[in-house]
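Chain by chain, the residues:
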Amino acid sequence: MSERLEDIAEAMVATGQGILAADESTGTIQKRFDQIGTQNTEDNRRAYREMLFSSAEAMTDCISGVILFDETLRQKAADGTPFVEMIRKAGAVPGIKVDKGAKPLAGFPGETVTEGLDGLRERLAEYYELGARFAKWRAVIDINEEDGHPSSTCIQSNAHALARYAALCQEAGIVPIVEPEVLMDGPSASHDIETCYEVTEWTLNTVFSELFQMDVMLEGIILKPNMIVPGKNASFQASAEEVAELTLRCLKATVPAAVPGIAFLSGGQSDELATEHLHLMNASGPLPWKLTFSYGRALQQSALKAWGGKPENVPAAQAAFLHRARMNGLAAKGEWNKALETA
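The structure presented is a predicted model; accordingly, all values stated were derived computationally and were not measured.

So, on to unusual backbone geometry. For the peptide bond that leads from histidine 149 to proline 150, omega is 5°, which places it in the cis range. Tracing the backbone through its elements, the reader meets proline 150 in the loop between β6 (134–141) and α8 (152–171). The residue aspartate 215 is not glycine, and still its phi comes out positive at about 60°. Summarising the element assignment, aspartate 215 is placed in the loop between α9 (193–213) and β8 (222–223).

Moving on, we come to the nonpolar core. Counting residues in each nonpolar core, the largest one holds 105 residues, and the members touching the most others are Phe53, Ile63 and Tyr165. If we ignore the near neighbours within four places in the chain, the residues touching tyrosine 165 are Val98, Leu117, Leu120, Ala135, Lys136, Trp137, Pro176 and Ile177. In terms of nonpolar packing, the next biggest core, distinct from the first, is built from eight residues, Ile141, Ile143, Cys154 and Ile155 among them.

The next subject is the pairing of strand β1 (residues 18–22). Judged by how many residues are buried, β1 sits mostly within the fold: five of five residues are covered. Taken together, the five bridges between β1 and strand β2 (residues 63–68) define a ladder with parallel strand orientation. Its bridge partner lying in β2, leucine 20 is registered against valine 66. Where β1 and strand β10 (residues 290–295) come together, two bridges link them in parallel fashion. Across the sheet, the residue bridging to leucine 20 is tyrosine 295, located in β10.

All told, the structure shown has six aromatic pairs when counted by the stated rule. Considering the side-chain rings of phenylalanine 33 and tyrosine 48, the 5.9 Å spacing of their centres and the 85° angle between planes classify their relative orientation as edge-to-face. Here phenylalanine 33 is found in helix α2 (residues 26–35), whereas its partner tyrosine 48 is found in helix α3 (residues 42–53), with 15 residues between them in sequence. Given a relative accessible area of 2%, tyrosine 48 falls into the buried group. Relative to tyrosine 295, the ring of phenylalanine 293 lies with its centre 5.7 Å away and its plane at 40°, an arrangement referred to as tilted. Phenylalanine 293 gets classed as buried once you look at its relative accessible area, which sits at 0%. Here arginine 133 stacks its cationic end above the ring of tyrosine 128, 3.6 Å away from the centre of that ring.

Before going further, it helps to examine the pattern of salt bridges. In total, this model carries 20 salt bridges according to the counting rule given. A salt bridge links aspartate 70 to arginine 74; the shortest N-O distance between them is 3.0 Å. By relative accessible area, which is 25% here, aspartate 70 ends up partly exposed. For arginine 74, a relative accessible area of 40% gives the class partly exposed. Residue glutamate 181 is joined to arginine 138 by a salt bridge in which the shortest nitrogen-to-oxygen separation is 2.7 Å. One end of the pair, glutamate 181, is in strand β7 (residues 175–182); the other, arginine 138, is in strand β6, and 43 residues separate them in sequence. For glutamate 181, a relative accessible area of 5% corresponds to the buried category. The class for arginine 138 is partly exposed, based on a relative accessible area of 31%. Where salt bridges share partners, they join Asp23, Lys136, Arg138, Glu179, Glu181 and Lys224 into one cluster.

Basis of the calculations
Residue numbering note: each chain is counted from 1, following its sequence as written. Under the rules for a predicted model, residues below a pLDDT of 70 receive no local features and side-chain atom pairs below 80 are neither given nor counted, while totals for whole chains, interfaces and linings still include all residues. The basis for every side-chain value is the complete set of non-hydrogen atoms in the structure, without hydrogens or water. Labels follow the DSSP assignment, with helices taken as runs of H or I lasting at least four residues and strands as runs of E lasting at least two, numbered in each case from the N terminus. Nonpolar core, defined: a set of buried Ala, Val, Leu, Ile, Met, Phe, Trp, Tyr and Cys residues in which side-chain atoms within 4.5 Å join the residues together. Relative accessibility under 20% of the residue-type maximum defines a buried residue, over 50% an exposed one, and the middle range a partly exposed one, all with a 1.4 Å probe and only protein chains included. The contact criterion used throughout is that any non-hydrogen atoms of two residues lie within 4.5 Å. In short, DSSP must find at least two bridges between two strands for them to pair. Two aromatic rings, drawn from Phe, Tyr or Trp (for Trp, its six-membered ring), form a pair once their centres lie within 6.5 Å of each other, and the interplanar angle then sorts them: stacked below 30 degrees, edge-to-face above 60, tilted otherwise. In this analysis the charged atom, NZ for Lys or CZ for Arg, is taken to sit over a ring once it is within 6 Å of the ring centre and within 35 degrees of the ring normal. Salt bridges are counted wherever a side-chain nitrogen of Lys or Arg sits within 4 Å of a carboxyl oxygen of Asp or Glu.

Next comes the structure, spelled out in structure tokens:
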């Protein structure tokens, strides 16, 4: 594959394919394994990821890239094949989560800024040698209207960090996924869809201003935003059509056409709803950028439950993973419908 940043970015948003977010930290995957009564050991983490990456049809037909955690980037399958090699053989691009998580923003109680810039240049050089060709950095923006969140300081601080990260990635020959997430399931999560629109528009405008200041090449990035949805505790939940319409309106108002692709996070939406929203946007007509998925839970949840930590359940788990990957692949082309979920 070409090593040009713009070619890698285009490959990551190949038509009908999307990105598997398999970058759960050891702590986060603990929560996933607790749901199925499975011990959080290195062997079990490796076996679970191997189940996903060896799902040949799903990986080859529906997955364009895989976001890995530091441990996973270095792991091998039971037969000794490095996971990076498995992913490449399937035609997907290996990637790596590089941020160190959202930490309290000093002086602004209840708000966070993502850390991890210290030593990032050296880590990116190592990750490149290990085979990663894209990276991910997540900024977290919470809406809490009673406390006046988000503040302009929170948005500005996170946007600046995202831009510095993106510039370092491109310097290292790595495509940055720029992920500013306005939460739908934060501590309050009672905001309406109009408030989500306003905060997301503000956030994205700030992010692209910072990317410009850092001289980041937009043709060599992927944007990973939230969809425009009300908070999970909002008194009124919007229709799928309204979510799709407002999300597209927000993106058209903020995202330059030079960006090759937008890979949505699912952000706490149910599996099927995340698929439906993506489908409705792609079915609405020609767009300036590719729209696809970069889902974690919304791709993995049914497979995780089917697997249950047991080797004998791998075929059933891979079938569940293939189904969700296929549904989202169709949504990325605007060709999904609800009847296919049970076909």
